[in-house]
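# Architecture at a glance
Below, each chain spelled out in residue letters.
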Amino acid sequence: MNAFIALIVLAALPLMAVQASYGCDDTFTVWQLPSQSRNQMNSYVMQTTGGKVIVIDGGNTEDADYLKTFLRARGNHVAMWFISHTHYDHVNALTAILKDPGQLKIDHIYASLLSDQWMSKYGLAEEQEPQTLDNFKKAAQAAHMEITDLELGQVLKLDGVTIGILGVSNPEIVENGVNNSSVVMRVWDHYKSILFPGDLGVEGGEKILHGQYKDQLKSDFVQMAHHGQNGVDKAFYQVVAPRYCLWPTPQWLWDNDMGGGKGTGPWVTQEVKSWMDELGVKKNYYQFDGLQRIQCIPRQSAEPGK
Ligand SMILES: [Zn+2]
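## Here's the deal with the overall build of the protein chain
Assigned secondary structure in the protein chain consists of 10 helices and 14 strands. Dimensions of the protein chain, computed from the C-alpha atoms along their principal axes, are close to 85 × 45 × 40 Å. Looking at the protein chain residue by residue over its 306 residues, the buried ones come to 52%. Expressed as a percentage of contacts within the protein chain between residues at least 6 apart in sequence, the contacts between residues at least 24 apart total 65%.

Printed below as a string of structure tokens:
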């Protein structure tokens, strides 16, 4: 009997070793932060296994205090801060933090800004576009922080994490111009990959699909463009072929609720969700469910229907 048990244990050992090699404590962590107002916003924090912190966007002015507290708990030191584009729901939290950083240290800020000339010609005053860019640049200048211009195809590395810049500002696209000038970045290590297209629209997405970085889009996770609707089109997501979706989407936008209940708005979030279902996405992470922390790739969906 004892020999029989020993045989079973021995037979199980190689299997256990294989399982251990699929552990995921040696990959970076990403958090999708919840909005601190009713507005839509985009805010992601990543931490490498060595503790280095990367931020993408940060949200509205109302999100600055929450973000500062979040970053304080992770060492008060940001190695790389990326701004996808200078709409207020992406950059204003950083603008507020630059004005009042407390003990927070930021090594580098990266962006691909449209020029002041572009803004004065095409920027929409009713969307606060020229003003938001100006406020950000002035806050960075007053804080003696340089905004480093990203280049198409640039590759940055930090502590085992690689960041590839697959899209930068597109000043020739004036339709939905600021969104279509979103930086598109792919973040990956040996274990997982995440594509962050910011608020990229159809035109900016088509430019990438027709360019030399199309083959680099495929990723395990995707941040849903423009808060989950009215961003890149289905063909773009088909090339990304994500298994997991990060939705920087408030409840009202998910519900398409303008105030009169579900389905009363002009937003097409549920149509985009149906594309993701068609693509066989296994799990969705929703901003309106609160703070989301992702490190391992889930073995199977906890909530397959959601
Ligand atoms: Zn946005």
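## Focus: the packing of helix α2 (residues 64–72) against helix α3 (residues 88–99)
Angle between the axes and distance between the axes: these two values describe a pair of packed helices. Two elements in contact, α2 and α3, have axes whose closest approach is 9 Å; the angle formed by their N-to-C orientations is 70°. Between α2 and α3, the angle is such that the two are roughly perpendicular. Contacts from Ala64, Leu67 and Lys68 in α2 reach Ala93, Ala96 and Ile97 in α3. Tallied by class, the residues present in the contact of α2 with α3 amount to five nonpolar, no polar and one charged.

## Some points on the sheet that holds strand β9 (residues 184–188)
One open sheet accounts for seven strands, arranged β7-β8-β9-β10-β11-β12-β13; its pairing is mixed. With partners counted over all chains shown, the strands left at the sheet margins are β7 (155–158) and β13 (283–286), one partner each. Direction aside, the axes of adjacent strands within the sheet are offset by 20° on average. Packing of helix α10 (residues 269–278) onto the sheet brings it into contact with β12 (244–247) and β13, and relative to β12 it is tilted by some 165°.

## Some details on the nonpolar core
Among the nonpolar cores identified, the biggest contains 28 residues, and Met80, Phe82, Ile163, Ile165, Met185 and Phe196 are the most heavily contacted of them. Secondary structure elements with two or more residues in this core: β2 (43–47), β3 (53–57), β4 (77–82), β7, β8 (161–167), β9, β10 (193–196) and β12. Counting residues in each nonpolar core, the second largest holds 25 residues, with Trp31, Leu67, Phe70 and Ala93 among its members.

## Structural notes on the coordination of the zinc ion
The coordination sphere of the zinc ion, as far as protein atoms go, consists of Asp89 (OD), His90 (NE2), Asp199 (OD) and His227 (NE2), spread over 2.1 Å. For the zinc ion, the four donor atoms in the first shell make angles of 83 to 161° at the metal, a pattern classed as irregular.

## Notes on the sheet that holds strand β1 (residues 29–32)
Taken together, the seven strands give an open sheet; going across it, the order is β6-β5-β4-β3-β2-β1-β14, and neighbouring strands pair in mixed fashion. Every other strand in the sheet has two partners, leaving β6 (147–149) and β14 (292–294) as the edge strands with one partner each. Strand after strand, the sheet turns through a mean of 20° between neighbouring axes, direction not considered. Sheet topology places β1 next to β2; four bridges connect them, and they run antiparallel. Residue pairing in the sheet places glutamine 32 in a bridge with tyrosine 44 of β2.

## Observations concerning the pattern of salt bridges
Summed over all chains, the structure comprises eight salt bridges. The residue lysine 68 makes a salt bridge to aspartate 100 at a minimum N-O spacing of 3.6 Å. Remark: aspartate 100 occurs in the loop between α3 and β5 (105–111) and lysine 68 occurs in helix α2; sequence separation between them is 32 residues. Aspartate 116 serves as the salt-bridge partner of lysine 137, at 2.9 Å between the closest nitrogen and oxygen.

## Here we look at the side chain of serine 181
Among the secondary structure elements, serine 181 is positioned in the loop between α6 (177–180) and β9. Other than its neighbours up to four places away in sequence, serine 181 contacts Ser84, His85, Ser112, Leu114, Val168, Ser169, Asn170 and Pro171.

## Quick look at the environment of proline 197
Mapped onto the elements, proline 197 comes out in the loop between β10 and α7 (202–209). In the structure, proline 197 is positioned 63 residues away from aspartate 134 in sequence and 23 Å away in space, judged by C-alpha atoms. Those residues in contact with proline 197, other than ones at most four positions away along the chain, are Ser182, Val183, Val184, Val222, Gln223 and Ala225.

## What to know about the layout of surface pockets
Considered as a void within the structure, the largest pocket measures approximately 520 Å³ in volume. Lining the largest pocket are 22 residues, and of these Gln40, His87, Glu127, Asn179 and His226 sit closest to its centre. Mapped onto the lining of the largest pocket, the elements with two or more residues apiece are α3, α4 (116–122), α6 and α9 (251–254). The element that contributes the greatest number of residues to the lining of the largest pocket is α6, accounting for three residues. Of the residues in the lining of the largest pocket, the class split is nine nonpolar, nine polar and four charged.

## Remarks on empty space enclosed by the protein
One pass over the structure, following the stated rule, counts two cavities of 30 Å³ or more. As a volume, the largest cavity reaches approximately 70 Å³. Surrounding the largest cavity, Ile83, Ser84, His85, Thr86, Ala111, Ser112, Leu113, Leu114, Met119, Leu133, Val178 and Ser181 form its lining. Among the residues making up the lining of the largest cavity, the classes are represented as seven nonpolar, five polar and no charged. In this structure, the second largest cavity encloses a volume near 40 Å³. The class makeup of the residues in the lining of the second largest cavity is six nonpolar, four polar and one charged.

The rules behind these values
Residues numbered from 1 in each chain as written. Predicted model: local features only at pLDDT ≥ 70, side-chain atom pairs only at ≥ 80, totals over all residues. Heavy atoms only, no water. Helix = DSSP H or I, 4+ residues; strand = E, 2+ residues; numbered from the N terminus. Buried < 20%, exposed > 50% of the residue type's maximum accessible area, 1.4 Å probe, protein only. Contact = heavy atoms within 4.5 Å. Axes fitted to C-alpha atoms, helices over the stretch in contact; angles between N-to-C directions. Parallel < 35°, antiparallel > 145°, perpendicular 65-115°, else oblique. Nonpolar A, V, L, I, M, F, W, Y, C, P; charged D, E, K, R; others polar. Pairing = 2+ DSSP bridges. Core = buried A, V, L, I, M, F, W, Y, C linked by side-chain atoms within 4.5 Å. Donors = N, O, S within 2.8 Å, 3.2 Å for Na, K, Ca; no water. Tetrahedral: all angles 85-135°; square planar, octahedral: opposite > 155°, others 65-115°. Salt bridge = Lys/Arg side-chain N within 4 Å of Asp/Glu carboxyl O. 1 Å grid on protein atoms, 1.4 Å probe; cavity = no way out; pocket = protein on both sides within 12 Å on 5 of 7 lines; lining within 4 Å. Points joined across faces, edges and corners; volume = space filled by probe spheres on them.

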